[in-house]
Amino acid sequence: MKEELIFASKDQGKLKRMEQYFSEMEIPVHCLPASFREVEIDDIFVIAAEKVLQIYDKIHRPCIVLDTGFYVENHPLRKNFPGAFIKRDLLEPYGVDGLLEQMKDVTNRSCCFRECLAYFDGEDLKKFEGIRYGQLSYEKRGESTQEAWSSLWSIFIPQNCDKTLAEMTEEERRSKQEGHVEAVEEFVKWYKTKNKRKVLQKIS
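Everything numeric here is computed off the predicted structure, so don't read it as measured data.

Thresholds, definitions, all that
- Residues numbered from 1 in each chain as written.
- Predicted model: local features only at pLDDT ≥ 70, side-chain atom pairs only at ≥ 80, totals over all residues.
- Heavy atoms only, no water.
- Helix = DSSP H or I, 4+ residues; strand = E, 2+ residues; numbered from the N terminus.
- Rg over C-alpha atoms; globule rule 2.2 N^0.38 Å.
- Buried < 20%, exposed > 50% of the residue type's maximum accessible area, 1.4 Å probe, protein only.
- Contact = heavy atoms within 4.5 Å.
- 1 Å grid on protein atoms, 1.4 Å probe; cavity = no way out; pocket = protein on both sides within 12 Å on 5 of 7 lines; lining within 4 Å.
- Points joined across faces, edges and corners; volume = space filled by probe spheres on them.
- Nonpolar A, V, L, I, M, F, W, Y, C, P; charged D, E, K, R; others polar.

**Side note on the overall build of the protein chain**
Within the protein chain, the regular secondary structure consists of 6 helices and 7 strands. In sequence order, the secondary structure elements of the protein chain are arranged as β-α-β-α-β-β-α-α-β-β-β-α-α. Relative to the globule expectation of 17 Å for 204 residues, the C-alpha radius of gyration of the protein chain, 18 Å, shows essentially globular dimensions. When its C-alpha atoms are laid out on the principal axes, the protein chain stretches across 65 × 35 × 25 Å. For the protein chain, buried positions account for 47% of its 204 residues. Sequence separation of 24 or more characterises 64% of the internal contacts of the protein chain that already satisfy a separation of 6 or more.

Below is the structure:
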């Protein structure tokens, strides 16, 4: 019987992304719509670890969660706003249009997405970091797609690119830009190695 991973999320964009990465490994990834008790700490690594432990306590099966933060280096409210709480601190009170208004006179528009994928199987608790650097555009550009896991795609231009994520094709988004690291890819590398060790232990 093949091992399956449970991906705890309500975000269909994130689920689609997971399915793409894991399909080539022939490991099924099932979505578990889940609500979490979030810790009030502006740290995606702490938040992701807490979430994956909460899910494991409920299902007792290998599971993963993916938590994302957004950081605007020179935001007028505070440096690296909004941080880990994108929805609560940015999208719900201001929205994408509000962010553009706040940043209209700011010339340093450097920003980044940071993410943490946390995995737990009852023994191993592992965390994997991803990062994508870029710039804020001055206006919304591109169309909303099923793959989009954030409305910020319409104003985020990856480093050394001239399109927002929302304007790119899936192939363009997955291509390697300078300074771009995918947490999912880092996890896949480790997971493949972990499973190879299991096979070798059974053979020996």
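**Focus: helix α4 (residues 95–102)**
Among the residues of α4, those classed as buried are Gly 95, Val 96, Gly 98, Leu 99 and Leu 100. On the buried face of α4, the contacting elements are β3 (63–72), α3 (86–91) and β6 (125–136).

**Here's the deal with the layout of surface pockets**
Within this model, the largest pocket holds a volume of roughly 810 Å³. For the largest pocket, the lining is made up of 25 residues, of which Lys 14, Glu 38, Lys 51, Asp 67 and Lys 87 are closest to its centre. Contributions of two or more residues to the lining of the largest pocket are made by α2 (44–59), β3 and α3. Of the residues in the lining of the largest pocket, the class split is 11 nonpolar, 5 polar and 9 charged.

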